[in-house]
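Observations on the model geometry
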Amino acid sequence: MLLRIDHVGIACRSLEAAIERYTNVFGLTVVAEETNEEQGVREAMLATESGTSYVQLLEPLSPGTTVGKFVERRGEGMHHVGYAVADVTEALAEIGATGVRLIDSRPRHGSMGASIAFLHPADLGGVLTELVQPRADS
Ligand code: MC0
């Protein structure tokens, strides 16, 4: 069901500072930058050399957002793992049937036109997990 690791999401206080760090240290390339009001983030996708997986840098839009609360409690750091799936709706049905709590019962809009859905960290060893169905032409 899981095709590959699509991205790792990293919470940061300043998107600009985090982009500078990750491009300078690893030579990653910024391929997309957007604001997702629904998710409460400004974010950037940085491609690895293979071009098939990304580092996603996440800056909270305000302190009360999910990433804002995370940074306040834990500081900057690893926020979630995103796995690519062929069909996020089908994957949600299969995973839901195992008893894992679905944060999103239906897909939402994600980075670079993807359809995404989150699974609860309490049922997955403390790891906030995201399913990503990339845009059809990507
Ligand atoms: C919170 N918790 C986490 C966590 N955030 N555990 C692991 N990883 C994280 N990132 C834990 C807390 O430590 C706490 O555990 C419990 O969850 C409740 O924390 P809370 O601060 O009260 O938070 P809630 O309940 O308001 O929400 C937690 C939850 C939320 C995971 C449900 O963050 C959520 O819905 N996340 C999914 C959406 C999201 O994260 N969007 C931003 C990225 P204890 O043990 O103390 O109870 S958007 C994105 O990435 C998009 C743009 C994309 O990829 O395209």
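Just so you know, these numbers come straight off a predicted model, no measurement behind them.

**Notes on the pattern of salt bridges**
- As enumerated under the stated definition, the model contains 7 salt bridges in all.
- Between Arg108 and Glu38 there is a salt bridge, with the nearest N and O atoms lying 2.6 Å from each other. You can see Arg108 sitting in strand β6 (residues 108–109) and its partner Glu38 sitting in the loop between β2 (29–36) and β3 (41–47), a full 70 residues away along the chain.
- Residue Asp123 is joined to Arg101 by a salt bridge in which the shortest nitrogen-to-oxygen separation is 3.0 Å. In this pair, Asp123 sits in the loop between β7 (115–119) and β8 (129–133) while Arg101 sits in the loop between α3 (88–97) and β6, placing the two residues 22 residues apart along the sequence.

**Observations regarding the sheet that holds strand β5 (residues 77–84)**
- Taking strand neighbours across the sheet as the criterion, the 8 strands line up as β2-β3-β4-β1-β5-β8-β7-β6 in an open arrangement whose pairing is mixed. A single partner strand is all that each edge strand has here, and the edge strands are β2 and β6.
- Where β6 lies against β7, 2 bridges are found, and the strand directions are antiparallel. What sits directly across from His109, in β7, is Ser115.
- The sheet strands contacting helix α2 (residues 66–74) are β1 (4–11), β3, β4 (54–60) and β5, and the helix crosses β5 at an angle near 140 degrees.

Thresholds applied
Residues numbered from 1 in each chain as written. Predicted model: local features only at pLDDT ≥ 70, side-chain atom pairs only at ≥ 80, totals over all residues. Heavy atoms only, no water. Salt bridge = Lys/Arg side-chain N within 4 Å of Asp/Glu carboxyl O. Helix = DSSP H or I, 4+ residues; strand = E, 2+ residues; numbered from the N terminus. Pairing = 2+ DSSP bridges. Contact = heavy atoms within 4.5 Å. Axes fitted to C-alpha atoms, helices over the stretch in contact; angles between N-to-C directions.

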